[in-house]
Structure formats: C-alpha cells, structure tokens
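Now for the letters of each chain:
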Amino acid sequence: MKEEFLKEFFPQNALDLEWELSKFHRSKGGIGFSKAINTIQEFIGESRILKYPLNKSYETWGMPRGWNLKDGFLKISNGSYIVGSLALSPISAVFLSGKTNGIEKLKVIDVESGEDEKDYKKSVRDKAILAGGDPARVYRMAKKFGARCVLSYFMRAQDPLINRNPEMLPMAVNYTSFPVEADESIFGFALSYNQYKYLKALAKKNLEIEAFIDVDSGTNELEILEARIGKKGKEKPIILTAHLCHPKPGANDNASGSALLAEIVRVLRKFKINREITALWVPEMYGTISYFTDHNNDFEFNINLDMVGEDQNNTGSTLDVSATPWSLPSFVNELMGVHLENPHFRVKEGSYSGGSDHYIFVDSSMGVQAVSLTQWPDRYYHTSQDTPDKSSVESFEWIGKAVLETLGDIIEGPQDAAGKTIQRIFDKFLRTDGDDEVRNWIAFRSYKSLEAFSKYADVKKLKDYLKKEINFDDIPKPKKIKKFKGPLGDSWMNEADKDWEFKVLKAYPAYRDYKDEFLNFLDLGFDLEKAVKMASKEFGIKDDLKTQSEYLVRRLKEKNLID
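Just so you know, these numbers come straight off a predicted model, no measurement behind them.

Cut-offs and rules
Residues numbered from 1 in each chain as written. Predicted model: local features only at pLDDT ≥ 70, side-chain atom pairs only at ≥ 80, totals over all residues. Heavy atoms only, no water. Helix = DSSP H or I, 4+ residues; strand = E, 2+ residues; numbered from the N terminus. Rg over C-alpha atoms; globule rule 2.2 N^0.38 Å. Buried < 20%, exposed > 50% of the residue type's maximum accessible area, 1.4 Å probe, protein only. Contact = heavy atoms within 4.5 Å. Lys, Arg positive; Asp, Glu negative; His and termini not counted. Charge placed at Lys NZ, Arg CZ, Asp CG, Glu CD. Salt bridge = Lys/Arg side-chain N within 4 Å of Asp/Glu carboxyl O. Polar contact = N/O pair within 3.5 Å; in protein donor to acceptor, adjacent residues only side chain to side chain. Pairing = 2+ DSSP bridges. Axes fitted to C-alpha atoms, helices over the stretch in contact; angles between N-to-C directions.

K.L.:
Quick question: what am I supposed to make of the overall build of the protein chain here?
P.N.:
Check the secondary structure of the protein chain and you find 18 helices and 17 strands. For 563 residues, the compact-globule estimate of 2.2 N^0.38 gives 24 Å, and the C-alpha radius of gyration of the protein chain, at 24 Å, lies within 12% of that figure. Taken along the three principal axes of its C-alpha coordinates, the protein chain extends 80 × 55 × 45 Å. Taking all 563 residues of the protein chain together, 62% fall into the buried category. Expressed as a percentage of contacts within the protein chain between residues at least 6 apart in sequence, the contacts between residues at least 24 apart total 78%. Charged side chains of the protein chain number 80 positive and 85 negative; the gap between the two group centres comes to 2 Å.

Below you can see the structure in the form of structure tokens.
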C-alpha cells in the first residue's frame, strides 16, 4: 500500500498551499484563522469544524481571549512612521494587544529589559515603555506600574551558528505575545532591531509617539478542523496533527506543516484503509487540549508536523525527530527515523523536547506514542522573514514520503524497515549512561518498546536479553496521582507562582520539559527523589531540583490537582 501512497503524493501541492495559508494572519479567534481553515477544507473536502469558546479554562489550561487584529499604525509625533499599516504588517502588533482609544499620544520611557522592578525607576504610568525583555514578563511589569503601551524588541532562540541574532536580522520583526491572561488595558507593538535602536536613541531625549490599534474579539472561539479517514479495524486509531495558528506570514511555522498534512490527507483518501485515522488542524496546543475535553484519547500513535518545509540551506535548519520521553515506551520515533534516512538532508534524532502538539499526547494521562517532525533551529523562526520562499519542494517530498511510508508500515506492517527499527530501539538502551536506577528504567522502557513492536516482527531474543538486565522489583506500579488530563497548564498559578517559575526558567531553560516529565514519573509511581533524578538525567540538568520540585508538588496539592 505504501508504494501506492508514494505514487499519489505530489509535494508541490504542499508548497503551493503553504503560499496560500501564509497570506492569513492566523490568530486564535481571528478572522484570518477561519479563512485559513476554509482554505484547507476546500482542498481536502469532507471534514468538519469544531468550535470551543475562548475566555475559559480547559483542564488546567486557561484560554486567551479571542483576538482579531483589524488595523493600526505607529509613528513618531509630528514625525515619520515606524509601522505604516498593521493591516499589511500584522506581525508588528503584539499578540493579545489591547486597542487604543482612537489615536493616542504617549511619552516613551526606555526601561531596558523591562523584566524586573529595578527597571522602573522612572514613572511609566500612562506612558509607553521601550523594552527588550520577554513580552509576557514585561506585560506583567507594565501592568504593575501602570504603563499604557509596550514597544517591544525580543528575539527568542538566538543562535549565532546560523546567523540568527539581532545584528544579522536587523529588519526582521519578531512574533511576540502578551501572556494568555492579558486583558485589553495595555496595547503593544513589536519592533525590528533597527526600529528598536532608532527609538532607543530618540528616547534619551524627549520621545513621544502616536499610536492606533483596532482589534476586536473576532469569532471568540478556538476552531479546529477535523478530517476522518479509513474505517474501524482491530487496532487503535492514528491521529495526525499540525498547528495552523501564528502571525502572517508564518510560512514554515506552521503553514508548512498544515499544508503537508492536507496533502497527506488527500493521498490517504484515495485508498481503502482498514485503520481509523484522524487529522487535526489546531490552534497550537490550546486547540489540542480543548479537543480532548470532549473526545477520548484512545489513539495508538500521533504524528505531528511542525515546521517541515524548510530549505535547509537557506534557514540553517536540521530536522529534529523528537523522541518520546523516557516515561513512555515507544517505537514510532525509530520507525520514522528509518524512513527519514537521506544523505541530502540533515536529521537529528535526539532526546525528547516539547513545544508542539505532540507533547499533549505523550503525557502520562494520555499515553499515546508520538513523534514530532520539526526543522530546528531556523534562522527566520517567529519573524516577519518566515516566508514561503524559505521553503523547498524537496523538503516537502522528503518528509511527506517518510510520513506516508511510516503510515503504510503501521497499517500493513513494516518489512524492510523492521530490522533497522529494532536495532534503533536497542541502540538507545546501549547508549544510555547513568547509575543503576537510570539504566534499569531505560532497559525496562526498551523492553516495553520492543514488546509493542512484537506484533510486527520477532523480537524475542532481544526481549529475553533485556529481561535479564532488568530488576523488575525496582519498577514502580503506576499511582495515577494526576486529577487532570494532558500536561499541566498554568490556569492554577497565582502571581507568586508565575514569578517563581519565571526565575526557575531563567536558571534552567529545560525546566518546562523537566516539569512535565517529573510529573509523569510521579504518575508512574516513582517517589519524589527518584522522579527528580530521572527527569534531571533525561534533560541533562546537573543541579538538584528537589527544592523546586517540592514547591511544585505542594502548590498542586493545595490546588487539589494531584493526590
């Protein structure tokens, strides 16, 4: 069957559809998001749009308000424009910005990073602040000190090895957002590095701006496009995902994944498949967690497509095949890795990393084997220069074929790929270092991964070998302490919790993944000290995070989220 899949697959469709999707400003609740969904629906045919109200919580996830940008501008009072039209350049508005009362004139105060209270020595009440820090943190400080507007320059994931830094991308406007809980009391503009430096120089004297932003709540709904393929068989269904949100143009991130998923669905629909397959186009993570509040999670596999179109020579990217975490046995990553082997492209098969919709599925409360394909890092990530000309039909062909071959193997059973898949599973065990407890768990995880693969191939010899390596008395029994579904959101947090987590993330950038995996290990029956050890080893954290983990557990118990 997979050979027939490949004959039907036409990667140029994905690139052409990416061009179309990149024309829309795809904010949660925005009219552009609805238009993008309609564009995909016209391409794939039979499907349905599911809608979930915003301004509420789903599980532990607080939802943003609906945000639909209409127009606006930014200029120096009695001077030149900084942003001529937000209708043409919507990325220049900070996501979840409030609206202005007509045209507002405001004095500008440079607060440097704007992340700490010490940055606010001058009064900023009813003024605009020029800030170089994380906009979510800056928003909270601006709210505290009464600022009216944030003029933001902030580039995430800087990487000089691929020329991703302010000096090398001085004209790029970065995609920035206020926090999910932001209200309409503060409005904000995202600046390029050149614009930021220009205003910084002017702010040393007496700078005043004129600003206008017009936004409304749009649909005020999360919209999810769902397509169903195949028919019910003996095996659990498969679910394919791609997030559709992000600002215009947002080409590789993630019009590319959404477009490739549409082409894959078109291909699959040409055949009679004895396996249920669901495809979802979602607002990233918020849509996926909402979907599972009224759908069961009885899926065997998830394949998540995020940033798959990159021309690697242009973007400096490498395809990251995100491993399922240590807490969940799996073989889908290894099977996908076999089909991605190609000397003409860069591929990294490393450790688990969250950051996209696959991390909803691998949570211990879900237990779905998931693989995410993400070109990372990317020179133009989250900037106005993430345009379709940075994509290539060759990347779509390479990744699209690997996904279709993997699906073919899952549906009919791998033949040529079986031996390599088994070897990859076993190699991960052989490469694992650590103390006896860590190696014992990885041996057990590898054993269970092979056991899951045993329906496709004879793995008895390797299973017998691993069985001798495992002390089964040290493998805990699941406790299922979580009272929520999916990974932990932040709707439970108060301001002190947010300040605490901000400081922990500053010291330990891997903490966000660590936190989820630590809770997964607790859910699997590990005691606190062993859960800390396992999660720390998995993400290469050498310091002892017992104190931080105890704080998290205490707060979750206080909020009645865990037993």
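Still to come is the rest of the account.
K.L.:
Which parts of the structure should I look at to understand the pattern of salt bridges?
P.N.:
For side chains of opposite charge, pairing can occur when their charged atoms come near one another. Inspection of the entire model under this criterion finds 46 salt bridges. Here Arg140 and Glu181 are joined by a salt bridge, their closest N and O atoms 2.8 Å apart. Taken together, the residues span a long stretch of sequence, with Arg140 in helix α4 (residues 135-145) and Glu181 in the loop between β8 (149-152) and β9 (187-190) at a distance of 41 residues. Assessed through its relative accessible area of 37%, Glu181 is described here as partly exposed.

K.L.:
Can you walk me through the side chain of Ser77 in this structure?
P.N.:
Here Ser77 shows up in the loop between β4 (68-76) and β5 (81-83). Residue Ser77 is classed as buried on the basis of its relative accessible area, which comes to 12%. Only 3.5 Å separates the side chain of Ser77 from the backbone oxygen of Ile209, close enough to count as a polar contact. When sequence neighbours within four positions are dropped, the list of residues in contact with Ser77 reads Lys105, Glu208, Ile209 and Glu210.

K.L.:
Help me out: how do you make sense of unusual backbone geometry in this one?
P.N.:
Trans is the common state for peptide bonds, and a negative phi is the common state for residues other than glycine. In this model, Asp253 is joined to Asn254 through a cis peptide bond whose omega is -5°. Residue Trp376 is joined to Pro377 through a cis peptide bond whose omega torsion reads -5°. For Pro377, the position within the fold is in the loop between β17 (369-375) and α11 (393-412). At Glu112, a position not held by glycine, the phi torsion is positive, near 60°. Its location among the elements puts Glu112 in the loop between β6 (104-110) and β7 (128-131).

K.L.:
Is there a simple way to think about the sheet that holds β8 in this case?
P.N.:
One key point about sheets: their strands pair by backbone hydrogen bonds, in either a parallel or an antiparallel sense. Taken in spatial order, the 7 strands line up as β5-β4-β10-β6-β7-β8-β9 in an open sheet, and their pairing is mixed. Each edge of the open sheet carries a strand with a single partner, namely β5 and β9. For this sheet, the mean inter-axis angle between neighbouring strands, taken without regard to orientation, is 30°. Along the sheet, helix α5 (residues 193-203) contacts β4, β5, β6, β7, β8 and β9; its crossing angle with β7, the most-contacted strand, is approximately 125°.

K.L.:
Quick question: what am I supposed to make of the sheet that holds strand β12 (residues 238-243) here?
P.N.:
Judged by pairing direction, the sheet is mixed, and its 8 strands sit side by side in the order β1-β11-β13-β12-β14-β17-β15-β16 without closing on themselves. A strand with exactly one partner marks an edge of an open sheet, and here the two such strands are β1 (48-53) and β16 (347-348). In the sheet, β12 pairs with strand β14 (residues 301-305) via 4 bridges, with the strands oriented parallel. Of the residues in β14, the one forming a bridge with Leu240 is Ile303. Strands β11 (221-229), β12, β13 (277-282) and β14 of the sheet are contacted by helix α6 (residues 251-268), whose axis makes an angle of about 145° with β12. Here helix α9 (residues 332-340) sits on the sheet and contacts β14, β15 (319-322), β16 and β17; the angle it forms with β17, its principal contact strand, is near 40°.

K.L.:
What's the story with the pairing of β9 in this structure? I'm lost.
P.N.:
Taken residue by residue, a regular strand's side chains alternate between the two faces of the sheet. On β9, burial covers both faces: Phe187 and Phe189 on one face and Gly188 and Ala190 on the other are all buried. Taken together, the 4 bridges between β8 and β9 define a ladder with parallel strand orientation. Within the sheet, the bridge partner assigned to Cys149 lies in β9 and is Phe187.

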